[in-house]
Structures are given as C-alpha cells and as structure tokens.
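Chain by chain, the residues:
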Amino acid sequence: EAGVVQSPRYKIIEKKQPVAFWCNPISGHNTLYWYLQNLGQGPELLIRYENEEAVDDSQLPKDRFSAERLKGVDSTLKIQPAELGDSAVYLCASSPTGEGYEQYFGPGTRLTVT
Amino acid sequence: GEDVEQSLFLSVREGDSSVINCTYTDSSSTYLYWYKQEPGAGLQLLTYIFSNMDMKQDQRLTVLLNKKDKHLSLRIADTQTGDSAIYFCAESFGGYNKLIFGAGTRLAVHP
C-alpha cells in the first residue's frame, strides 16, 4: 500500500512569492490533515478535511494561507505571499474517518523563505 | 488549554532500556500516541493507547499510562542504534482526531 505522497520535498523561495504544496493521501482515507512543523517543535494542525469539506481550519492563517481538496482526494496548500517566518516543514497526513484511527504522515515539504 | 510536555533529550547505551516521558493536560483525551521521526522523514506511528488502559505492550515497546497524573511513558527495551530519532507524544483533543503534539524527545543511542 502506498503511503501519503507529498511534493515537492524541498522548496526555496524569496519572501513575498507564492508557493504551493501538494498531497496525495492513502487510498480510501477520507480524512486529510495539513500540519506545520517548526524547527524543534511538534506538528501543529493547520486544517482538517473530511472528504472535500474543511471541518477544522481554525488554526489556518487565512490572510495568506489557503487550502483546497477538490473531489475529496488530493489536496493543495498555498501560501501567498510567503513571509520569512513561514520557513518550516509542512506535513500532510491522512486517516480513515472516525475517532482513534491512526494518522499516517507523508515525508513533508521543507520550505525555506529567503 | 491543551498542552503536552516532554523532556528534550535522552542518551542511552546500546542494549539498555530507554524511557521517554510525557505529561499532558486534557483529561478528556481518549487516545494517546507515540510517534517516531527520523531525520528528513515524516512521523511514523509507533503505538497508541486508549485512555481506559494502563499499559500496552508491543514487542520491544511498552506504554504506561497514569491517567490520574496525566503521565505517559514509552519504554524501549534493548535499545538499538536504529532507534535514534525524535519521539513525539500526542494526545487526541476535542473528541476527534485533532492531535496535540509535544515538542519531541531526541533519543541518542551510543555504543
């Protein structure tokens, strides 16, 4: 079974530029999560999708961040414009719907904003 | 609010047991998790425990839960160099799969 796929793995951009991250969850997993992991910290949830609906986006900075999950499968997370403080690892995870199911994480996209 | 705390660093000798500790604040957490992260990789779920359990054992891993003290521990028996990684404790929050992670404990295994 293929795991969660993310691309790109690494991205370097200048501040004020836009950037997008892509995630393909495990087949059959209806729940998809985007996490932000700063250096030396644990992941923090940005947004959670149940199928194509964003059911928890309370931690997503909506002035510059946006996300979509068209057709309830792949998802894209966008930052526009990027700021220096956005340098971090962006992790995508997926799980079957319901409480207590394990979340499976992708390898992440390491973003560096210069 | 919810918070998960872990010690930042642990060093052990190869073959010894490692014990990584974690405290959490949300008494309503239904599941508590241990994840492992190797350099440049995502998080790998090691094990989890339901809040009505005191202990769970899975091969070399033993999880102990003290719900009264909100304390969770992960014991790794016969620690190997391949166990060197960062270990994250996480609690489920809010009755669904919102995970709150600690900052991680870096485990270093030396010969």
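Let me sum up the structure you'll find in this document. (Residues numbered from 1 in each chain as written. Chains lettered and ligands numbered in written order. Predicted model: local features only at pLDDT ≥ 70, side-chain atom pairs only at ≥ 80, totals over all residues. Heavy atoms only, no water.)

Each helix and strand in chain B was counted, giving zero helices and eleven strands. Helices (α) and strands (β) of chain B occur, in sequence order from the N terminus, as β-β-β-β-β-β-β-β-β-β-β. Over its C-alpha trace chain B gives a radius of gyration of 13 Å, about what one expects of a compact globule, namely 13 Å for 111 residues. Counting only C-alpha atoms, chain B reaches 40 × 30 × 20 Å along its principal axes. Within chain B, buried positions represent 46% of all 111 residues. Across chain B, every contact between residues at least 6 apart in sequence was considered, and the portion connecting residues at least 24 apart equals 55%. Total accessible area on chain B is roughly 5200 Å²; 49% of this is exposed by carbon and sulfur atoms. Averaging the coordinates of the 10 positive side-chain charges in chain B and doing the same for the 13 negative ones gives two points 1 Å apart. (Helix = DSSP H or I, 4+ residues; strand = E, 2+ residues; numbered from the N terminus. Rg over C-alpha atoms; globule rule 2.2 N^0.38 Å. Buried < 20%, exposed > 50% of the residue type's maximum accessible area, 1.4 Å probe, protein only. Contact = heavy atoms within 4.5 Å. Areas by Shrake-Rupley, 256 points an atom, 1.4 Å probe, with all protein chains shown as cover. Lys, Arg positive; Asp, Glu negative; His and termini not counted. Charge placed at Lys NZ, Arg CZ, Asp CG, Glu CD.)

Here the focus is the packing of aromatic side chains. For the structure shown, the criterion picks out 14 aromatic pairs over all chains. Ring geometry for F105(A) and F101(B): centres 6.1 Å apart, planes at 80°, overall edge-to-face. Note that F105(A) is positioned in strand β10 (residues 104–105) and F101(B) in strand β10 (residues 98–101), a pairing that runs across two chains. Classification of F105(A) by relative accessible area gives buried; the value is 11%. Aromatic pair Y31(B) and F50(B): ring centres 5.0 Å apart, planes at 50°, arrangement tilted. In this pair, Y31(B) sits in strand β4 (residues 31–37) while F50(B) sits in strand β5 (residues 43–50), placing the two residues 19 residues apart along the sequence. Site record: aromatic cluster; members linked through ring pairs are Y33(A), Y35(A), F105(A), Y31(B), Y33(B), Y35(B), Y48(B), F50(B), F88(B) and F101(B). Of note, K56(B) hangs over the ring of Y48(B), and the distance from its end group to the ring centre comes to 4.5 Å. (Phe/Tyr/Trp six-rings, centres within 6.5 Å; stacked < 30°, edge-to-face > 60°. Lys NZ or Arg CZ within 6 Å of the ring centre and 35° of its normal.)

Here we take up the environment of Q57(B). Along the chain, the position of Q57(B) falls in strand β6 (residues 55–58). For Q57(B), a relative accessible area of 55% translates into the label exposed.

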